[in-house]
Amino acid sequence: MRWDSVPVSLNYMCRHARAALSHVPPVVLALLVAHGLATTAAGAGEFRLSKTIPAGSGDKAHFSQVAGMFVDAGGTIHLTDGKSGKLVNLGPSAVSSTLLAGKDAPFRSTQIGGLAPMGDSAIVVASPGDSTLAVIDKAGKLQYTIGESGSADGQLSSPRAAVYSTSGRFYVADTGNNRISVYSRGGVFIFSFGNRDATGKTNLSAPTHIAVDAGENIYVLDSEANGRVSVYSHAGELLKRIGAESLGRGSRKPPRLTAMAVSRDGEVFVADRDNGKIIQIDWRAKKVTNAFGSKGKGRGQFRLVSALAVTPAHQIVVADARNKKIEIYELAQSATRRTMEGVRLPSVRLGKKIAATC
């Protein structure tokens, strides 16, 4: 039997005898979980490990600290390396990389953050080192920049991630300013949210990851306590908030969230560093619907997940900085999965600049 063909779910093994789960010897269950081949989550879908991509070593390493990634329709993984300052493209048959920092490059600092696609031809990259965004083509050539360093409206402070919606908006995790900043496709500032509560009770704290679904709901992972997920409407209204402490049932340690990804249909996945798990959340019900993985160095084990991505083929891609690998898991279609319709929002663009003379 090939281990990588075994579903990462006990439900597959016991589909017609769910009650038998309680009779699985603890040592056997622990062994399965340790190899990433089982989860004890009731009602879980089936995760199947389909591919492992090692980072490599020394000068031949393809990546080191993945700051963000996405997978295009052709199966190529596009990622940013926060250590080397490179854009890396891991294709089905070839690997390429482009330095995004330095002379004639989009950024000065090699400290770059997450990235997101803008259709089929462009990519937006966040730079916490330069406190700006850059829109580049897939070869890494600069098209234009957005924002500048500062705390005023339209300015950015160490942004860690950005996402582009089908309505033509950029949503930016403005980490140093504890807010989400919103821009038009052309880079015109529209508004910000997440830091408007005078009492401070619902304000964000150093947001690090951001995602948007087809319904233009905005998902934010910030650094409050051990991490929390906040869901907002496109107008900046807080819809739901889920703290890490509510996701730890059955875990050895309290969860500590380090990465997040969201599917087009609003399925939320987060990485729990302290337990080595990937957790799937129904954010409307505020409950865990699935989980897999454990702490360690083996297949299906994780030590520090720095980035997650959901592919167009409904796969989960996991980048583990300490284990220096990327693993791809197939996710079975859920009977409860919602399909979202896209929305269209008004936007704004810069028409002309007129310089004043005195």
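Everything numeric in this text was worked out from a predicted model, so none of it was measured. (Residues numbered from 1 in each chain as written. Predicted model: local features only at pLDDT ≥ 70, side-chain atom pairs only at ≥ 80, totals over all residues. Heavy atoms only, no water.)

The next thing to look at is the environment of glycine 140. Structurally, glycine 140 is set in the loop between strand S8 (132–137) and strand S9 (142–146). Classification of glycine 140 as buried rests on a relative accessible area of 8%. The spatial distance from the C-alpha of glycine 140 to the C-alpha of valine 125 is 10.0 Å, given a sequence separation of 15 residues. In this structure glycine 140 touches Leu87, Thr98, Leu100 and Pro106, once residues within four positions along its chain are discounted. (Helix = DSSP H or I, 4+ residues; strand = E, 2+ residues; numbered from the N terminus. Buried < 20%, exposed > 50% of the residue type's maximum accessible area, 1.4 Å probe, protein only. Contact = heavy atoms within 4.5 Å.)

What follows is about the sheet that holds strand S2 (residues 66–71). The strand order S2-S3-S4-S5 describes an open sheet built from four strands, whose pairing is antiparallel. With partners counted over all chains shown, the strands left at the sheet margins are S2 and strand S5 (95–99), one partner each. Looking at each pair of strands side by side, their axes are set apart by 15 degrees on average, direction ignored. (Pairing = 2+ DSSP bridges. Axes fitted to C-alpha atoms, helices over the stretch in contact; angles between N-to-C directions.)

Moving on: the sheet that holds strand S11 (residues 169–174). The four strands lie next to each other as S10-S11-S12-S13, forming an open sheet whose pairing is antiparallel. Since the sheet does not close on itself, it has two edges, and those belong to strand S10 (161–164) and strand S13 (189–193), each with one partner. Across the sheet, the axes of successive neighbouring strands diverge by a mean angle of 20 degrees, strand direction being ignored. Looking at chain direction, S10 and S11 are connected through four bridges and run antiparallel. The partner of alanine 162 across the bridge, within S11, is valine 172.

A few words now on the nonpolar core. Among the nonpolar cores identified, the biggest contains 27 residues, and Leu133, Phe170, Tyr171, Ile210 and Ile218 are the most heavily contacted of them. Elements with a contribution of two residues or more to this core: strand S6 (115–118), strand S7 (122–127), S8, S10, S11, strand S12 (179–184), strand S14 (209–212) and strand S15 (218–222). Ala211, Tyr219, Ile281 and Ala291 belong to the second-largest nonpolar core, a separate cluster that totals 17 residues. (Core = buried A, V, L, I, M, F, W, Y, C linked by side-chain atoms within 4.5 Å.)

Mapped onto the secondary structure, histidine 209 falls in strand S14. Separated by 2.9 Å, the side chains of histidine 209 and threonine 208 make a polar contact. Excluding its chain neighbours within four sequence positions, the residues that come into contact with histidine 209 are Ala161, Tyr219, Val220, Leu221, Thr258, Ala259, Met260 and Ser306. (Polar contact = N/O pair within 3.5 Å; in protein donor to acceptor, adjacent residues only side chain to side chain.)

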